[in-house]
Amino acid sequence: MLANPETLSNLSPVHSDADPQETAEWRDALEAIIKHAGPERAQFLLDTLNQIASKSGVKTATGRHTPYVNTISVEDQPQYPGDRDLERKIKNAVRWNAMAMVQRANKGTNVGGHISTFASSATLYEVGWNHFFRGPTETSPGDVIFYQGHASPGPYSRAFLEGRLPEQKLNNFRRELADGGGLSSYPHPWLMPDFWQFPTVSMGLGPIMSIYHARFNRYLRDRGLSTTAGDTRIWAFLGDGECDEPESLGCISLAARDKLDNLTWVINCNLQRLDGPVRGNGKIIQELEGIFRGAGWNVIKVIWGSEWDALLKSDHTGALARRMAEVVDGEYQEFVGKDMRTKQEVADKMFLPYEEHGKRRGTFIRENFFNTPELKAMVSHLTDEQLARLKRGGHDPAKVYAAYKSATEHKGQPTVVLVKTVKGYEIPGEGGVGKNTTHQKKSLGVDQVRGFRDRFKIPVPDDKIDECPFWVPPADSPEIKYLHDRRKALGGYTPSRNMKFTPCKAPAREHFAGLYVERKGGTGGGDGETKGQSTTLAWVSLMLQLFKDEGVGKLLVPIVPDEGQTFGMPPLYNKVGMYNTAGQIYRPVDKGMLTEYRESTSGQIFQEGINEAGAMADFIAAGTAYSTYGVNTIPFYIYYSMFGFQRVGDLIWAAADSRCRGFLLGATAGRTTINGEGLQHEDGHSHLAAMTVPTCRAYDPAFAYELSVIIEDGINAMYVRNEECFYYLTIYNESYDMPAMPGEQVREGIVRGIYKYKTVTPSNAKHEVQLLGSGVILNDVLRAQGILAEKYGIASNVYSVTSYQMLRKDAIEVERKNRLTPDQPAGKSYVQQVLDGTKGPIVASSDYMRVLSDSLSPFLKDAKGPRLLSLGTEGFGRSETRKNLRRFFEVDAESVVIAALSSLADRDELDRKVVKQAIADLGVDPTKPAPWTV
Ligand SMILES: Cc1ncc(C[n+]2csc(CCOP(=O)(O)OP(=O)(O)O)c2C)c(N)n1
Ligand SMILES: [Mg+2]
């Protein structure tokens, strides 16, 4: 997809003009056509000419690129509506405090921080804050802004000037555990819930989230769920280096396809990333222009500041435009970043004063950029200092304003504003402007701070430079008044996150009760399984019921990548339809059938195609709408469990940070259950990854009624009781008889993670074991219970463990409390309450790695020592039948029996000979290799 940078760098759309008079005639003719016959006619003529040219072998510039100049011409530039002088003063103070925050934080610590990124983007944000970013009001949610993560000192500094953050917090930038709290390094709603809306610092996630967020706005509007969300503008600020992340550009075509003109991206093209140039050999702005135009976006380039206007106007031969196009980014970086000191001065560690540095840089630019007699003549009236001050567009509010205005007024397409800036703008000296090391610069020397102060006219006296104090203009100064007036006019302050939560009406129990009854099928299937129902189909039938619920029916947002048929979802497609901004302009091939593929502007389901990352971004938009828009949409994102945590794990982490709610459903779960699919599909570990996410509640239910109880409790937890969490449920594609819910007494255990399901006590039983089973493997554990009773006369209780994660969370909380309150009676965790006092060893089996159930081992002991022996599915999956896979991984009934007997022997409760005999009798091959080694 990426255009070849070399091609782009060499692209010189303006050629030398051999006959200016002829050119003028052609131009006049074209202008006359546009004026008298309209742009369509002009387009027709141009297309015709293009065709003729192309047939004749004439190479014309493609429609994907425009010259390396500003998209908005000076003539079309609107009047700047603000007070430039006051805005400059505000911006200078914001710049200073952003720098001071990082500088101060790193005095005596090494907590880090970034100075050079916001230095390059200050104007991009300030123009937004003064003229565009709408804040939340009583009647409007305001704009949603995805801030570039490591530019965070800028928004903090702005909020400080606005009086929204106290100095004490700024002093504790990156010191969140300090007295009184501090400021998080980057945008983290988890850590600053009234400030940041979305986490962005993991590069690429902000961009993809912003696209799906913009489309989710349309969904809220089109489905009548919000009257105001549709007005919101979504802004995303990206770095040019960030565009290399696949998540950044991978979904841009969706934004154009869905005509998301509520979306504006601003890409800060400072030509550098962390280590060096983004496209030293090419031009990132041209490359991105081609990509975005190709994808159907409106592209606005802001390359040159106003100082260049007159020069470009006098560029009658196109020599300057040609030079601008031929210089590559690596050279542009040198024009701003080259060390202008002599070798001796470098050896002496001399610091060049601002004026002197500017003068030398101007000389260098005159020599090397204006490198022909013609170009030199063009700038002969400018001094070297003036040449050094020919700014890039992103540092000129007039150019940035023009771009934002045009972007926000543009209809029918999303807009990307490609802005050229300087990284580390005006930070003098070592590690400063344009240096490859500038990204890592977190503390400045005294000379540098003084230089910065002088450049931005901050009234901090010389004797305080070392301290680098914050500086705020007096509250009654015109600039502070102006700042508040502008924010008032735009609705309020931003960033800010809505903390108000309005609960839903709890869903009616009747809609869940359908899953409490028995669902039995006959025998059949190649594996000899009975066909009752799978937990996945149980979920589909639950959704069909829940759609009818008065409180939450409309709020359910099913999301699926291209796998809905696998999950039995087509009845949902027809029932509630799939959302499409364009509706459905074709007649679906299955029209009239029960499973009709029905797309509509009021459809409820997001069918995302083969796009787990995009679907996850949907999940985040829908799962945070309770805060962003005050709409309690409840996402149910169902996907192949293997393509969840390990594929889009970082987005799941971002969802948690965003305080996102909803249900992730890892379907086709288990290492042994989607028989045939093999290594890449068989998931035996997503529950381990789920354990790493602090707000995730992960469940592995076995029966339909368990699923129903968990989902009901989940909706109530998140949307009625306002608990900050989301759910991960593994559901399987194996059909088996679903038993009826034993009774209300199991409800608590299902939610907390374990309940006793079945007891079998043969007469004269001498031994007893406790058997834990989860998900589909509970069936094998129940079979083992039968074998143990019938063949070995061993009594057992079988427990359904719906969540090892919930049990462990509870267990470590109780352990911690006991440890830190030694003077109080020790408490018991839930799993201990259930299992302490029972007899014999405990054997656990599941379709997940044994380390999952092993996580409870420290809490399951008796006088004889540890009681738990876990079986699980360590190793790679492979293509086979369920039965053979379960034997291979040693999680089947026979393996559970052997484990139970062996555990009894370990406790001296049984002769080892019995174990040996059982291995032979049950047909288990003791010489086969360990499953995790092959
Ligand atoms: C996924 C990911 N990888 C790496 C990083 C570390 N990182 C932080 S900033 C940065 C460079 C950013 O360059 P660019 O996007 O051009 O932003 P700039 O600072 O130049 O505006 C990197 C690599 C990250 N935050 N996220
Ligand atoms: Mg950059």
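Residues numbered from 1 in each chain as written. Chains lettered and ligands numbered in written order. Predicted model: local features only at pLDDT ≥ 70, side-chain atom pairs only at ≥ 80, totals over all residues.

Caption draft 1: Focus on the packing of helix α5 (residues 116–131) against helix α19 (residues 397–409). Between α5 and α19, the least distance of the axes is 10 Å, while the angle of their chain directions is 60°. The angle between α5 and α19 places the two elements in the oblique class. Crossing angle aside, the handedness with which α5 passes α19 is right-handed. Contact residues: α5 offers Thr 123, Leu 124, Val 127, Gly 128 and His 131, while α19 offers Pro 397, Val 400, Tyr 401 and Tyr 404. Along the lines of polarity and charge, the residues of the contact of α5 with α19 split into six nonpolar, three polar and no charged. (Axes fitted to C-alpha atoms, helices over the stretch in contact; angles between N-to-C directions. Helix = DSSP H or I, 4+ residues; strand = E, 2+ residues; numbered from the N terminus. Parallel < 35°, antiparallel > 145°, perpendicular 65-115°, else oblique. Left-handed = near helix turned anticlockwise from the far one by under 90°. Contact = placed C-beta atoms within 7 Å. Nonpolar A, V, L, I, M, F, W, Y, C, P; charged D, E, K, R; others polar.)

Caption draft 2: Examining the environment of Leu 288 more closely. Note on placement: Leu 288 falls in helix α11 (residues 284–295). Once the C-alpha coordinates of Leu 288 and Leu 249 are considered, the two residues, 39 residues apart in sequence, prove to be 9.6 Å apart. Excluding residues within four positions of it along the chain, Leu 288 makes contact with Cys 243, Ile 267 and Leu 418.

Caption draft 3: Expanded view of the site of ligand 1. Not every one of the 18 residues close to ligand 1 is listed here, only the nearest: Thr 117, Gly 239, Gly 241, Glu 242 and Arg 273. Residues belonging to the shell around ligand 1 are distributed by class as follows: four nonpolar, ten polar and four charged. (Near = placed C-beta within 6 Å.)

Caption draft 4: Just the domain arrangement of the chain, in detail. Here the domain parsing of the chain yields domain 1 (5–61), domain 2 (76–305 + 391–489), domain 3 (510–569 + 605–730) and domain 4 (757–933). Opposite the 28 residues of domain 3 that make contact, domain 4 presents 29 residues. Contributing elements (two or more residues each) for the side of domain 3 that touches domain 4: α28 (686–691), β12 (696–699) and α29 (704–720). By residue number, the principal contributor to the side of domain 3 that touches domain 4 is α28, which donates four residues. Tallied by class, the residues present in the side of domain 3 that touches domain 4 amount to ten nonpolar, eleven polar and seven charged. (Domains from an automatic or database assignment.)

Caption draft 5: Examining the sheet that holds strand β16 (residues 794–801) more closely. With mixed pairing, five strands are arranged side by side in an open sheet as β14-β16-β15-β17-β20. Strands at the two margins of the open sheet, each flanked by one partner only, are β14 (754–760) and β20 (868–871). For this sheet the average axis-to-axis angle between neighbouring strands, irrespective of direction, equals 25°. As paired elements, strand β15 (residues 767–773) and β16 share seven bridges and run parallel to each other. Looking across to β16, one finds that Leu 771 is bridged to Val 798. (Pairing = 2+ DSSP bridges.)

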